[in-house]
Amino acid sequence: MKLKVLQILEATGGGTARHIVDICQGLALRGVEVHLVYSPLRMDNILVQALPELEKAGVRCLEVPMRRPPHPSDLRALFMLNRYVRELGYFDIIHGQSAKGGALARLLGMLAPGRIVYSPHGFVSFYPNYSGLLRRFYAFIESVLAPLTDAIVVVSKWQINEAAILHYTHNQIRLIPNGLDLHNDNVCSRLEVRKKLHIGLEQVTIGFVGRLAIPKSPFMLLEAFAQVAHNHPQACLVIVGDGPLRTELEARVNALGLADRVFLPGFIDGRWAMRGFDIFALPSEYEGFPYVLLEAMAESLPIVATCVGGTDQTILDGENGFVVPVGDVMAFAGALDRLLSDEALRLRMGAQSRLRVKEFSVDKMVDATLALYRELAGR
């Protein structure tokens, strides 16, 4: 008899969308009956483009509108989920992805049989851009829902401690890092990417990919680059992404007199852009386990990142990059300076990145998830 799994996802964009696509496809290929309930309200192209492929792989998909913050419409979503579960004859595993999906999964578990799994991806109660009151509110919700959880899947060692703070027990917590499909359909050459980004072949390019929002700390990267730019006239910075800080960031670029060396192309495919980079930079204040690090490693890039989320699992300091304290502009600038000054070091660290990323494959992630499901279901 097939294992029967229901995935619930409200945060249908970015890394969570990529994660759910990989998990659903991988489980379906392994003979699991997979159902995906997703919200269209925040859906980006990752899931839009993947839905036909998921259905082709045998994943049954249902659209249920869900809002990000707590909202009265959550009751309607819960009613639709409960009706769907009862119509389909119940599930072995109900897996809530991210905060809203996780909350609905735990509440659904009170109405229908099935083992409950929760993947927070990133705990809202630790987000630096939220007020202290809001963080305490979400921490309270987590502590209330914790006893309703059979297993919580964290993606980094960092999150193990966060989960414990939120009253999840050692027996509930399972560490399953994100994994990357190392096959890349990007057939563009470095030259083609650089032409489209208007970067000269002689320039040493520091690249960033991410949302231009407080948790990603793009201003820290800009200030670090400003400190080293005068010593490295051949260096430039490409900040890929969009978000609420874009206008303010562009103004700061102009104020620093770096408009000819800092480029903000907006939202484009990050993995494609990385082919034109020489160094990857991630200055975040908070992360779960960022896919962009794995993508940068797969593109053989040396990395400078802050010590958050899964960075200490993916980056061995001094081997395939440098890990610096959160918010330390001087340390970040110093690491960039070392890489900008030494091409041999960049190439050596980039080669180590390419070797190390093989430890974080999609297959390993899916196999570990399936093993957890079978353990909980007694299969």
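Sequence order as written defines the numbering, with residues in each chain counted from 1. Local features in a predicted model are, by the rule used here, given only for residues with pLDDT of at least 70; side-chain atom pairs are given and counted only at 80 or more, and totals for whole chains, interfaces and linings are based on all residues. Calculation of side-chain values draws on the structure's entire complement of heavy atoms; hydrogens and water are dropped beforehand.

Chemist: Help me out: how do you make sense of helix α6 (residues 157-165) in this one?
Modeler: Along an α-helix, residues three or four apart share an orientation, since each turn contains 3.6 residues. Among the residues making up α6, those that are buried are Gln 159, Glu 162 and Ala 163. End-on, the buried residues of α6 take up no more than an arc of 100°, which puts them together on one face. Away from the buried face of α6 by more than 90 degrees, exposed residues Lys 157, Asn 161 and Ile 165 are located. Positive phi appears at His 167, one or two residues downstream of α6, with a value of about 80°. The cut-offs for exposure are 20% and 50% of the maximum accessible area for each residue type, with area from a 1.4 Å probe on protein chains only; residues under the lower value are buried, those over the upper are exposed, and the others partly exposed. Only runs of H or I of at least four residues qualify as helices and only runs of E of at least two qualify as strands under DSSP, and these elements are numbered from the N terminus. By arc we mean the arc of the directions from the helix axis to the C-beta atoms, nothing more.

Chemist: Which parts of the structure should I look at to understand helix α1 (residues 14-29)?
Modeler: Multiplying one less than the number of residues by 1.5 Å gives the expected span of a helix. When the terminal C-alpha atoms of α1 are compared, their 23 Å separation across 16 residues agrees well with the 22 Å that a helix rising 1.5 Å per residue should span. Residues of α1 that are buried include every one of Thr 16, Ala 17, His 19, Ile 20, Val 21, Asp 22, Ile 23, Cys 24, Gly 26, Leu 27 and Ala 28, and no others. Directly beyond the C-terminal end of α1, a positive phi value near 90° is found at Gly 31.

Chemist: Would you explain the sheet that holds strand β3 (residues 60-63) in this entry?
Modeler: Hydrogen bonding along the main chain pairs the strands of a sheet, whether they run parallel or antiparallel. Pairing is parallel in the open sheet, where seven strands are placed in the order β3-β2-β1-β4-β5-β6-β7. Where the open sheet ends on each side, the last strands, each with one partner, are β3 and β7 (173-175). The average undirected angle you get between the axes of adjacent strands in this sheet is 20°. What makes two strands pair is DSSP finding at least two bridges between them. With three bridges connecting them, strand β6 (residues 151-154) and β7 associate as parallel partners. Note on geometry: axes are C-alpha line fits, over the in-contact stretch for helices, and angles between N-to-C directions span 0 to 180 degrees.

Chemist: Would you mind showing me how to read the pattern of salt bridges here?
Modeler: A pair can form between side chains of opposite charge whenever their charged atoms are brought close. Any Lys or Arg side-chain nitrogen located within 4 Å of an Asp or Glu carboxyl oxygen qualifies as a salt bridge. A complete count under the given rule lists 16 salt bridges for this structure. Note that Arg 42 and Glu 10 form a salt bridge whose closest N and O atoms lie 2.9 Å from each other. In this pair, Arg 42 sits in the loop between β2 (33-38) and α2 (45-56) while Glu 10 sits in the loop between β1 (4-9) and α1, placing the two residues 32 residues apart along the sequence. Taking the shortest distance from any N to any O, the salt bridge between Lys 100 and Asp 74 comes out at 2.9 Å. Highlighted residues: Lys 100 in helix α4 (residues 98-109) and Asp 74 in helix α3 (residues 73-88), separated in sequence by 26 residues. Several salt bridges share partner residues, and in doing so they unite Arg 30, Asp 363 and Asp 367 into one network.

Chemist: How do you make sense of the environment of Ile 93 when you look at a structure like this?
Modeler: By the secondary structure assignment, Ile 93 is in strand β4 (residues 93-97). For the pair formed by Ile 93 and Tyr 291, sequence separation is 198 residues and the distance between their alpha carbons is 25 Å. Residues count as neighbours in contact if any of their non-hydrogen atoms are within 4.5 Å of one another. Among all residues touching Ile 93, those that are not within four sequence positions of it are Lys 4, Val 5, Leu 6, Arg 115, Val 117, Tyr 373 and Leu 376.

Chemist: Quick question: what am I supposed to make of the nonpolar core here?
Modeler: Counting residues in each nonpolar core, the largest one holds 62 residues, and the members touching the most others are Phe 225, Val 262, Phe 277, Phe 280 and Phe 332. Those residues within four positions of Phe 277 in sequence are excluded, and the remaining contacts are Arg 190, Thr 205, Gly 207, Phe 208, Val 209, Val 238, Val 240 and Leu 301. As used here, the term nonpolar core means buried Ala, Val, Leu, Ile, Met, Phe, Trp, Tyr and Cys residues forming a set that is joined through side-chain atoms within 4.5 Å.

Chemist: What's the story with the side chain of Glu 10 in this structure? I'm lost.
Modeler: According to the relative accessible area criterion, Glu 10 is buried, its value standing at 3%. Aside from chain neighbours lying at most four places away, what touches Glu 10 is Ser 39, Arg 42, Met 66, Arg 67, Arg 68, Gln 97, Lys 100 and Gly 101.

Chemist: I would appreciate a short explanation of the sheet that holds strand β8 (residues 204-209) in the present structure.
Modeler: The six strands are arranged β10-β9-β8-β11-β12-β13 in an open sheet whose pairing can be described as parallel. The sheet is open, and its two edges are formed by β10 (262-266) and β13 (321-324), each paired on a single side. Going from strand to strand, the sheet's axes swing by 20° on average, the running direction of each strand aside. Pairing of strand β9 (residues 235-240) with β10 involves three bridges; the strand directions are parallel. The residue bridging Val 240 from the neighbouring strand is Gly 266, located in β10. The strands touched by helix α9 (residues 246-255) within the sheet are β9 and β10, with β10 carrying the most contacts at an inclination of about 160°. In the packing of helix α11 (residues 291-298) onto the sheet, contacts are made with β8, β11 (279-282) and β12 (303-306), and the angle to β11 comes to roughly 170°.

Chemist: So what exactly am I meant to see when it comes to the packing of aromatic side chains here?
Modeler: Each aromatic ring pair is summarised here by two numbers: the centre-to-centre distance and the angle between the ring planes. We call Phe, Tyr and Trp rings a pair once their centres come within 6.5 Å, taking the six-membered ring for Trp, and we label the pair stacked below 30 degrees between planes, edge-to-face above 60, and tilted otherwise. Here the structure, examined in full by the defined rule, presents eight aromatic pairs. Judged by centre distance (6.3 Å) and plane angle (70°), the rings of Phe 123 and Phe 126 are edge-to-face. Owing to a relative accessible area of 0%, Phe 123 belongs among the buried residues under this scheme. Their ring planes at 55° and their centres at 5.5 Å tell us that Tyr 127 and Tyr 130 sit as a pair that is tilted. Each member of the pair, Tyr 127 together with Tyr 130, is buried. An aromatic cluster is built from Tyr 127, Tyr 130, Phe 137, Tyr 138 and Tyr 286, whose rings are joined through pairwise contacts. Over the face of the ring belonging to Phe 91 we find Lys 4, whose NZ or CZ atom lies 5.0 Å from the ring centre. Counting as a charge over the ring demands two things of the Lys NZ or Arg CZ atom: a distance within 6 Å of the ring centre and an angle within 35 degrees of the ring normal.

Nothing here speaks to function; it is geometry throughout.
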